[in-house]
Amino acid sequence: MKITKDILKKQFADANLKYDDTVLIHSSMKKIGDVEGGAETFFQALEEYFADGLIAFPTLTWKIGL
């Protein structure tokens, strides 16, 4: 079964996340499942659901070696 944008937004609501929450997303698309439209759909769901909130993604930027 493909995961749609509406399913994702319902899952956010079911997790008791509010539209104006601050959320930190640290996951992989593989762990989320088979999303219809792929990462673009996932990001659209986040953007629409948390329209008045803040979405943060961790990044690792370091230099290895000298």
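Coordinates for the structure precede this section.
What comes next is a walk through the structure.

Scoring rules and cut-offs
- All residue numbers refer to positions counted from 1 along the written sequence of the respective chain.
- Only residues with pLDDT of at least 70 get local features here, since the model is predicted, and only at 80 or more are side-chain atom pairs given and counted; chain-wide, interface and lining totals rely on the full set of residues.
- By convention in this description, side-chain values take in all heavy atoms of the structure and omit both hydrogens and water.
- For helices, the fitted line uses only the C-alpha atoms of the stretch in contact; every axis is such a line through C-alpha atoms, and the angle between N-to-C directions lies from 0 to 180 degrees.
- Secondary structure is summarised from DSSP: a helix means a run of H or I of at least four residues, a strand means a run of E of at least two, and numbering begins at the N terminus for each.
- When describing relative orientation, an angle under 35 degrees is termed roughly parallel and one over 145 degrees roughly antiparallel, while 65 to 115 degrees is termed roughly perpendicular and anything else oblique.
- By convention, the crossing between two helices is left-handed when the near helix turns anticlockwise from the far helix through less than a right angle, and right-handed when the turn is clockwise.
- The contact definition used throughout considers only heavy atoms, calling two residues in contact when any of these lie within 4.5 Å.

**A closer look at the packing of helix H1 (residues 5-14) against helix H3 (residues 38-49)**
Working step 1: Axis separation between H1 and H3 bottoms out at 9 Å; the angle between their running directions is 45°. The angle between H1 and H3 falls in the class oblique. The two elements H1 and H3 meet at a crossing, and its hand is right-handed. Together, Lys 5, Leu 8, Lys 9, Phe 12 and Ala 13 of H1 and Thr 41, Phe 42, Gln 44, Ala 45, Leu 46, Glu 48 and Tyr 49 of H3 make up the contact between the two elements.

**Brief notes about the environment of Ile 7**
Working step 1: Of note, Ile 7 is situated in helix H1.
Working step 2: In sequence terms Ile 7 and Trp 62 are 55 residues apart; their C-alpha atoms lie 36 Å from each other.
Working step 3: For Ile 7, the residues in contact, after removing those within four places along its chain, are Met 1 and Lys 2.

Such coordinate-based values are descriptive only and should not be taken to indicate function.
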